[in-house]
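Spelled out from the first residue to the last, the chains are:
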Amino acid sequence: MNFNLEQMPVRTQQPRDSGITMVMDKGLSLRETEDFLSVASSYVDIVKLGFGTAYVTPNLADKIKIFREAGIPVYFGGTLLEAFLVRGQFDEYRRALDKFGITYLEVSDGALDFPHDEKCELIATLAKDFTVLSEVGSKDAEIIFAPYKWIELMKKELAAGSWKVIAEAREAGNVGIFRGTGEVRSGLIDEILTVIPAEKILWEAPNKAQQVWFINLLGPNVNLGNISFNEVIPLETLRLGLRADTFFNFLDPEKMHYKNQEPKKPHQ
């Protein structure tokens, strides 16, 4: 860090198992990728080439190489896998993973509706050779799962071999764990956390208010995903209490120079 500040929260170190920041790349150029990593690589843990962008991205192998040389795993969006599955081209998908040296992948059923048992079998098969993230929740705003259903699906997918389960919100943060307005479905989150360990969940939270909500609830080392490349450093400042929204979260009131402040609770 560039300065010495006391009373800073402890952040997990790379390679992280918690406190993960997953970035969604929706079409960065090679130069943009290099520039992005020159300032943010220390704060990025995994990169998702969003939805089906890997299919149309020029110089895909070169881009993946840049991330790999920075020590950052890259994976294809789950929608791309669904596009292969609906066409009966699973073997072709496996060949694409091998061709590009992909070691992480996402299994989702947000667009394609297929039996959950089949999804778990797919997770189990792929987990033998890859680090699997599986996504729970629909991309359709009209489909709302009850909390018990989220818990049941997450438990089964973790048991099948998922490294993390992703709580669906889409890149806009307006479905799944959020209402159409972007407001957090807080009761749903609370119920999920009574059963599923927080470190096993990667919460899609593309918007600042959503990120603040999860940091307030679970602290600086909450797993957050679908972060835009230009929001990685701003998110890290939220995690560290260096932005107004979380400024008082990690300060000891007894050690504060200005005693008349009303610090926020760190896990409210």
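Each remark here, short or long, concerns the structure printed above.
Since we're looking at a predicted model, the values are computed, not measured.

Trainee: What's the story with the overall build of the chain in this structure? I'm lost.
Mentor: Secondary structure summary: the chain contains 10 helices and 8 strands in total. Over its C-alpha trace the chain gives a radius of gyration of 19 Å, about what one expects of a compact globule, namely 18 Å for 268 residues. Its C-alpha atoms put the chain at 65 × 45 × 30 Å along the principal axes. Of all 268 residues assigned to the chain, the portion counted as buried reaches 48%. Of the contacts made within the chain by residues no fewer than 6 positions apart, 70% connect residues no fewer than 24 positions apart. Approximately 13,300 Å² of the chain is accessible, and the part contributed by carbon and sulfur atoms is 51%. On the chain, the mean spot of the 30 positive side-chain charges and the mean spot of the 38 negative ones are 2 Å from each other.

Trainee: What am I meant to see in the nonpolar core here?
Mentor: The nonpolar side chains of a soluble globular protein tend to be buried with one another. Core analysis: the largest hydrophobic core is formed by 61 residues, its most contacted members being Phe36, Phe76, Met154, Ile177, Ile192, Trp203 and Phe214. Element by element, the count of residues in this core is highest for helix α7 (residues 147-160), at 5 residues. With sequence-adjacent residues up to four places away left out, Ile192 is seen in contact with Trp150, Ile151, Met154, Ile201 and Trp203. Of all hydrophobic cores here, the second largest spans 9 residues; its members include Ile46, Tyr75, Leu133 and Leu202.

Trainee: What should I look at first to understand the pairing of strand β8 (residues 224-227) in this one?
Mentor: Consecutive side chains of a regular strand alternate in pointing toward one face of the sheet and then the other. As judged from the 2 bridges shared by strand β1 (residues 21-25) and β8, these two strands associate in the parallel manner. Pairing of Val23 across the sheet is with Ile227, part of β8. Pairing of strand β7 (residues 201-204) with β8 involves 2 bridges; the strand directions are parallel. By the bridge assignment, Glu204 is partnered in β8 with Gly225. Traced from β7 through helix α9 (residues 208-218) to β8, the parallel crossover comes out right-handed.

Trainee: Is there a simple way to explain the pairing of strand β6 (residues 164-167) in this structure?
Mentor: Burial of β6 is two-sided: the residues Lys164 and Ile166 facing one way and the residues Val165 and Ala167 facing the other way are all buried. In this structure, strand β5 (residues 131-136) lies alongside β6, joined through 4 bridges in parallel fashion. Its bridge partner being in β6, Glu135 is matched across the sheet by Ile166. Pairing of β6 with β7, which is carried by 3 bridges, proceeds in the parallel orientation.

Trainee: When you look at the layout of surface pockets in this model, what are you seeing that I'm missing?
Mentor: A probe as big as a water molecule, rolled over the atoms, marks out the empty space that is left. In this structure, the largest pocket spans a volume of roughly 510 Å³. Residue lining of the largest pocket: 18 residues in total, with Met1, Tyr43, Glu236, Leu240 and Leu242 positioned closest to the centre. Across the lining of the largest pocket, the residue classes tally to 9 nonpolar, 6 polar and 3 charged.

Trainee: I would appreciate a short explanation of the side chain of Asn223 in the present structure.
Mentor: Note that Asn223 resides in the loop between α9 and β8. For Asn223, the side chain forms a polar contact with the main-chain oxygen of Ile201, separated by 3.1 Å. Among all residues touching Asn223, those that are not within four sequence positions of it are Asp17, Ser18, Gly19, Ile20, Lys164, Ala198, Glu199, Ile201, Leu202 and Trp203.

The rules behind each value
Residues numbered from 1 in each chain as written. Predicted model: local features only at pLDDT ≥ 70, side-chain atom pairs only at ≥ 80, totals over all residues. Heavy atoms only, no water. Helix = DSSP H or I, 4+ residues; strand = E, 2+ residues; numbered from the N terminus. Rg over C-alpha atoms; globule rule 2.2 N^0.38 Å. Buried < 20%, exposed > 50% of the residue type's maximum accessible area, 1.4 Å probe, protein only. Contact = heavy atoms within 4.5 Å. Areas by Shrake-Rupley, 256 points an atom, 1.4 Å probe, with all protein chains shown as cover. Lys, Arg positive; Asp, Glu negative; His and termini not counted. Charge placed at Lys NZ, Arg CZ, Asp CG, Glu CD. Core = buried A, V, L, I, M, F, W, Y, C linked by side-chain atoms within 4.5 Å. Pairing = 2+ DSSP bridges. Right-handed = clockwise from strand over helix to strand, strands pointing away. 1 Å grid on protein atoms, 1.4 Å probe; cavity = no way out; pocket = protein on both sides within 12 Å on 5 of 7 lines; lining within 4 Å. Points joined across faces, edges and corners; volume = space filled by probe spheres on them. Nonpolar A, V, L, I, M, F, W, Y, C, P; charged D, E, K, R; others polar. Polar contact = N/O pair within 3.5 Å; in protein donor to acceptor, adjacent residues only side chain to side chain.

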